[in-house]
Amino acid sequence: MKRNFNRFLSLLLAVILIAGVLPPPEASAEVVSGMCGDNVMWNLGVNGTLIISGEGPMKDYDINETTPWPKAGIIRVEIYDGVTSIGENAFYGMSDLLIVNMADTVTSIGNNAFGYCYKLLSVNIPQSLTSIGNHAFEYCLVLPGIILPSGVTLGKSVFNDCGDLRWIYFRGDAPVLTDRFYNKALSDVTATVYYPARNETWTDSLRSMCGGDLTWVPRYNPEFEQQYCSNCDKGWILDEGFVLTVTGSGQMLCSHLKEIPKPLIHNVKLTERITTVV
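Residues numbered from 1 in each chain as written. Predicted model: local features only at pLDDT ≥ 70, side-chain atom pairs only at ≥ 80, totals over all residues. Heavy atoms only, no water.

(A) Geometry of the overall build of the chain. Summing up its helical and strand segments, the chain has two helices and 22 strands in all. Buried residues in the chain amount to 41% of all 278 residues. A separation of at least 24 residues holds for 40% of the contacts in the chain among residues at least 6 apart in sequence. (Helix = DSSP H or I, 4+ residues; strand = E, 2+ residues; numbered from the N terminus. Buried < 20%, exposed > 50% of the residue type's maximum accessible area, 1.4 Å probe, protein only. Contact = heavy atoms within 4.5 Å.)

Structure follows, in structure tokens:
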């Protein structure tokens, strides 16, 4: 009996010694980068920024497929130069996403790409973009407005249930609509839409086929050229970064700038001869 006890005690001491020598098991490392296309990579920064870089198109994801990056905690997505498309469902349901910037190489946004991004506030759409897929921005509840490129192809119900969407600014030619009868591109949208008045592609028929409860505001002045008030020396120019610069001298009245699409202005600069703003 005593011999068995001594044997047990020896084994116990051996186990304790081995446990003290062996390193503790490593915690599983969080994956912060990987591939999301044949030549496209994703990288998650410590500040909540997801970077998509490389060459060519992103992978398309199934709506029920788990993307390699987390749905929560990412507040900014940067699509770098060289990436040509945003995959279907790529950023679907990202609950903390606020800002999206896209390089000029991006030409398409896939179906549901930003659907159910409830907190999305700002999307920089490049002029290179040629198509936006079905329901691409569905349930982006607080998105206030968006600027769309000339002649872009719009899928079905692109902005469905975007409750705070109040303005849409179209550059150049009218969009190509993939569905003109049932799930129209701007169905369920109540917004002011700015479009170039002297562009022949913007027919009454085309506007009626966009759907939604839209207030159409034609722009008679060329984009991004100096404009002047007809009653004084005040002038203004809205650059491609949507920074408004006001020129002239003396007192400036708000009525001087009544033709400016005010929701588009990101910043205001006054020349030094402007003394007061009323």
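The structure having been displayed, the exposition proceeds.
(B) Local environment of the side chain of aspartate 179. Within the fold, aspartate 179 resides in the loop between strand E14 (176-177) and strand E15 (190-196). Lacking a salt bridge, the buried aspartate 179 has lysine 156 as its closest oppositely charged neighbour, with an N-O distance of 4.3 Å. Not counting residues within four places of it along the chain, the set of residues in contact with aspartate 179 comprises Lys156, Lys184 and Ala185. (Lys, Arg positive; Asp, Glu negative; His and termini not counted. Salt bridge = Lys/Arg side-chain N within 4 Å of Asp/Glu carboxyl O.)

(C) Just the nonpolar core, in detail. Ranked by internal contacts, the top residues of the largest apolar core, which has 57 residues, are Ile52, Trp69, Ile86, Phe91, Ile109, Phe114 and Phe137. If you list the elements that add at least two residues to this core, you get strand E2 (40-44), strand E3 (49-54), strand E5 (76-79), strand E6 (83-86), strand E7 (99-102), strand E11 (145-148), strand E13 (167-170) and E15. For isoleucine 52, the residues in contact, after removing those within four places along its chain, are Cys36, Val40, Met41, Trp42, Met58, Trp69, Glu78, Ile79, Tyr80, Val83 and Phe91. (Core = buried A, V, L, I, M, F, W, Y, C linked by side-chain atoms within 4.5 Å.)

(D) Structural detail: the pairing of E11. Every second residue of E11 is oriented toward a common face, with Gly145 and Ile147 on one face and Ile146 and Leu148 on the other, all of them buried. Relative to E13, E11 is paired through four bridges, and the arrangement is parallel. Paired with isoleucine 146 across the two strands is isoleucine 168, which belongs to E13. (Pairing = 2+ DSSP bridges.)

(E) Structural view of the sheet that holds strand E16 (residues 213-219). Overall, parallel pairing links the four strands, which are arranged E11-E13-E15-E16 in an open sheet. Of all strands in the sheet, those with a lone pairing partner are E11 and E16, marking the two edges. Across the sheet, the axes of successive neighbouring strands diverge by a mean angle of 20 degrees, strand direction being ignored. Where E13 lies against E15, three bridges are found, and the strand directions are parallel. Considered in E15, the bridge of tryptophan 167 is made with threonine 192. (Axes fitted to C-alpha atoms, helices over the stretch in contact; angles between N-to-C directions.)

(F) Structural detail: the side chain of asparagine 160. Tracing the chain through its elements places asparagine 160 in the loop between strand E12 (153-154) and E13. With relative accessibility at 16%, the residue asparagine 160 sits in the buried group. Polar contacts involving the side chain of asparagine 160 include one to the side chain of glutamate 138, which spans 3.0 Å. If we skip the residues at most four places from it in the chain, asparagine 160 touches Phe137, Glu138, Tyr139, Ser187 and Asp188. (Polar contact = N/O pair within 3.5 Å; in protein donor to acceptor, adjacent residues only side chain to side chain.)

(G) Fine view of the pattern of salt bridges. A complete count under the given rule lists four salt bridges for this structure. Of the charged contacts, one joins glutamate 65 and lysine 59 as a salt bridge, the two residues approaching to 3.1 Å between their closest N and O atoms. Under the relative-accessibility criterion, glutamate 65 is labelled partly exposed at 29%. For aspartate 96, the salt bridge is made with lysine 119, and the minimal N-O distance between the two is 3.2 Å. Placement of aspartate 96 in the loop between E6 and E7 and of lysine 119 in the loop between strand E8 (108-109) and strand E9 (122-124) is noted, with a sequence separation of 23 residues between them. Owing to a relative accessible area of 23%, aspartate 96 belongs among the partly exposed residues under this scheme.

(H) Spotlight on unusual backbone geometry. Of note in the backbone geometry, tyrosine 116 takes a positive phi value of approximately 60 degrees without being a glycine. Taking relative accessible area as the criterion, tyrosine 116 reaches 24% and is therefore assigned partly exposed. One non-glycine residue, aspartate 188, lies in positive phi territory at about 70 degrees. Following the sequence through the fold, aspartate 188 ends up in the loop between E14 and E15.

(I) Summary view of the sheet that holds E2. The strand order E1-E2-E3-E5-E7-E9 describes an open sheet built from six strands, whose pairing is mixed. Taken across any chain shown, the strands that pair with only one partner, and hence form the sheet edges, are strand E1 (33-35) and E9. Adjacent strand axes in the sheet meet at a mean angle of 10 degrees when their direction is disregarded. Two strands pair when backbone bridges link them, and E7 and E9 are joined in this way by three bridges, in the parallel orientation. Paired with asparagine 101 across the strands is asparagine 124, a residue of E9.

(J) Just the confidence of the model for the chain, in detail. For the chain, the mean per-residue pLDDT works out to 83, and 73% of the residues sit at or above 70. Low pLDDT, under 50, characterises residues 15-19; the predicted model gives this stretch zero contacts beyond four residues in sequence or across chains. Segment residues 25-29 is flagged for pLDDT under 50; beyond a separation of four residues in sequence, or across chains, it makes zero contacts in the model. (pLDDT = per-residue confidence, 0-100.)

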